[in-house]
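Residue-level listing of the chains:
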Amino acid sequence: MTKTDWIKQEIEGLQTAGLYNRIRTIGSPQGAWLVVDGKRVLNFCSNNYLGLANHPQLTAAAKKAIDELGIGPAAVRSIAGTMTLHVELERRLAAFKGVAAAITFQSGFNANLATIPALVGKEDIIFSDRLNHASIIDGCRLSGAKIIAYEHCDVASLEAQIKENLAQYRRAIIITDGVFSMDGDVAPLDKICAVAQKYDILLMVDDAHGEGVLGKGGRGIVDHFGLHGKVDVEVGTLSKAFGVVGGVVAGSPVVVEWLRQRGRPFLFSSAVTVPDAAACIAALDILEASTELVDRLWDNANYFKAGMKELGFDTGLSTTPITPVMLGEAPLAQQFSRELFEAGVFAMAIGYPTVPQGKARIRVMISAAHGKDDLDKGLEAFAAVGRKLSVIK
Ligand SMILES: *Cc1c(COP(=O)(O)O)cnc(C)c1O
């Protein structure tokens, strides 16, 4: 026995259970079609909701910024000074979201790791949706606060937990995903917000899949529900609809200022690069100029989902462009994904632990980059594989 034999055994266990994740290699830019493991396939995997990941306006802005400012920020912002470009991005993000201030991070994951421990600690309590994203779960654990998971999107469960626990703690925060990434359902943020106000508790929403998707022109879930000024902390990512990389926290100046002083991934890790920041600003230019891409995204999503339902597939609880195709057991989902790939469609199977046991699925990510002909090709492939594997008639 060597010290790492247990890892080999764990990996073999994953393979037997159909849970081993073989990562495919992409040899082309992002878009409706990709070259994956050398094969040209329809892209149903990326979070490139608006097709910005390879948008000429973003690539041009990134190149121009490199020529003017180079690439790396070369140090942590709070130690060696921050570039005007990052400050400009934060100003623009705050304006886009309709809030007073914003702070950016290297990723959405880091934004959660920075924010939660800065706001609550050992004497405090967190009410967290059971299906919250892994980065929220990790941020909660890092904070040392008591964590109470309430039932998914269940406001009655949330309120019951608050009543039972609140008095024993110094401070409290409610944290929820905006759009849940595996099911595509939307948190009832209006009702959650009412509860937060009733008990005078901080409210934080992670809008990673709502940024650029929900609300007017993609302004996110707070705009979608008309809750401006009522949600204390809005976390977002610049790596999905924005097509670049990075995280953001938008909210009140005092929260943002506190994160500049106490957000550990801000204080101990360098910022995103110059071309990243410049490309994000270009993405904001596009989003502020027109709702065209967001509208096309929703048209495409509605078209594809209607087609899938007509074929007899179960697309779960989704009310957003995230389209889960519920299959049940992980080996079936993996086989379905392999067959789709043979048929020229790249759509990954998702199993435990990303989703609960027995709830394996294929997750289709619809984008404004798809044309109707692309979506029709996708529907044809799903129909053929679905019949072959007896998922549909
Ligand atoms: C994707 C995602 C993140 C992580 O965002 P990155 O910018 O890729 O780190 C965080 N929270 C939620 C809800 C997400 O879906």
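Residues numbered from 1 in each chain as written. Predicted model: local features only at pLDDT ≥ 70, side-chain atom pairs only at ≥ 80, totals over all residues. Heavy atoms only, no water.

(A) Just the overall build of the chain, in detail. When its secondary structure is counted, the chain shows 15 helices and 13 strands. Taken over C-alpha atoms, the radius of gyration comes to 21 Å for the chain, in line with the 21 Å a tight globule of 393 residues would show. Projected onto the principal axes, the alpha-carbon positions of the chain cover approximately 55 × 55 × 55 Å. Here the chain holds 393 residues, and 53% of them are scored as buried. Carbon and sulfur atoms make up 53% of the accessible area of the chain, which totals about 17400 Å². (Helix = DSSP H or I, 4+ residues; strand = E, 2+ residues; numbered from the N terminus. Rg over C-alpha atoms; globule rule 2.2 N^0.38 Å. Buried < 20%, exposed > 50% of the residue type's maximum accessible area, 1.4 Å probe, protein only. Areas by Shrake-Rupley, 256 points an atom, 1.4 Å probe, with all protein chains shown as cover.)

(B) Looking closely at the site of the ligand. With respect to spatial proximity, 14 residues lie near the ligand, and among them Gly-108, Asp-206, Thr-237, Ser-239 and Lys-240 are the closest. Take Thr-237: an N or O atom from its side chain is 2.6 Å from an oxygen atom of the ligand. At 2.7 Å from an oxygen atom of the ligand is found a side-chain nitrogen or oxygen belonging to Ser-239. In isolation the ligand offers 380 Å² of accessible surface; the protein chains occlude 86% of this area. Examining the composition of the shell around the ligand, we find that 3 residues originate from one element, helix 5 (residues 108–119), more than from any other. For the shell around the ligand, the per-class residue count stands at 2 nonpolar, 9 polar and 3 charged. (Near = heavy atom within 4 Å. Polar contact = N/O pair within 3.5 Å; in protein donor to acceptor, adjacent residues only side chain to side chain. Nonpolar A, V, L, I, M, F, W, Y, C, P; charged D, E, K, R; others polar.)

(C) Molecular detail of the packing of aromatic side chains. For the structure shown, the criterion picks out 8 aromatic pairs. Geometrically, the ring pair formed by Phe-105 and Phe-266 is edge-to-face, given 6.3 Å between the ring centres and 75° between the ring planes. Residue Phe-105 is found in strand 3 (residues 101–105), and its partner Phe-266 is found in helix 11 (residues 264–267); the two are separated by 161 residues along the sequence. Of the two residues examined, Phe-105 and Phe-266, each falls in the buried class. Judged by centre distance (6.2 Å) and plane angle (75°), the rings of Phe-313 and Phe-336 are edge-to-face. One end of the pair, Phe-313, is in the loop between helix 13 (292–311) and strand 10 (322–328); the other, Phe-336, is in helix 14 (residues 330–342), with 23 residues separating them in the sequence. Each member of the pair Phe-313 and Phe-336 is classed as buried. The positively charged end of Lys-372 is found above the aromatic ring belonging to Tyr-303, 5.1 Å away from the centroid. (Phe/Tyr/Trp six-rings, centres within 6.5 Å; stacked < 30°, edge-to-face > 60°. Lys NZ or Arg CZ within 6 Å of the ring centre and 35° of its normal.)

(D) Seen up close, the sheet that holds strand 3. The mixed open sheet is built from 7 strands, whose spatial order is 3-9-8-7-6-4-5. Two strands close off the open sheet at either side, each with one partner strand: strand 3 and strand 5 (146–150). Neighbour to neighbour, the strand axes of the sheet diverge by 20° on average, direction disregarded. Where strand 8 (residues 233–237) meets strand 9 (residues 247–251), 5 bridges bridge the pair, whose relative direction is antiparallel. Across the sheet, residue Glu-234 finds its bridge partner in strand 9, namely Ala-250. The strands touched by helix 10 (residues 253–262) within the sheet are strand 3, strand 8 and strand 9, with strand 3 carrying the most contacts at an inclination of about 30°. (Pairing = 2+ DSSP bridges. Axes fitted to C-alpha atoms, helices over the stretch in contact; angles between N-to-C directions. Contact = heavy atoms within 4.5 Å.)

(E) Up close: the sheet that holds strand 1 (residues 33–36). Across the sheet, which stays open at both edges, the 3 strands sit in the order 1-2-11 with mixed pairing between neighbours. With partners counted over all chains shown, the strands left at the sheet margins are strand 1 and strand 11 (345–346), one partner each. Helix-sheet contacts for helix 15 (residues 372–388) involve strand 1, strand 2 (39–43) and strand 11, and the interaxial angle to strand 2 is about 100°.

(F) Highlighting the pairing of strand 6 (residues 172–177). Of all 6 residues in strand 6, 6 are buried; the element is thus mostly enclosed. Taking every second residue as pointing to the same face, both faces of strand 6 are buried, with Ala-172, Ile-174 and Thr-176 on one and Ile-173, Ile-175 and Asp-177 on the other. As paired strands, strand 4 (residues 125–129) and strand 6 are joined by 4 bridges and run parallel to one another. Within strand 6, the residue paired with Ile-125 across the bridge is Ala-172. In terms of strand pairing, strand 6 meets strand 7 (residues 202–206) through 5 bridges, oriented parallel. Bridge pairing links Thr-176 to Val-205 in strand 7.

(G) A look at the nonpolar core. Among the nonpolar cores identified, the biggest contains 61 residues, and Leu-50, Phe-127 and Ile-174 are the most heavily contacted of them. It is helix 12 (residues 274–289) that contributes the most residues to this core, 11 residues altogether. The residues that make up this core include at least three from each of domain 1 (18–49 + 291–388) and domain 2 (56–289). Setting aside chain neighbours within four positions, we find Ile-174 in contact with Phe-127, Tyr-150, Leu-158, Ile-162, Ile-192, Ala-196, Ile-201, Leu-202, Leu-203 and Met-204. Membership of the second largest hydrophobic core comes to 25 residues, among which are Leu-42, Ile-366, Ala-381 and Val-385. (Core = buried A, V, L, I, M, F, W, Y, C linked by side-chain atoms within 4.5 Å. Domains from an automatic or database assignment.)

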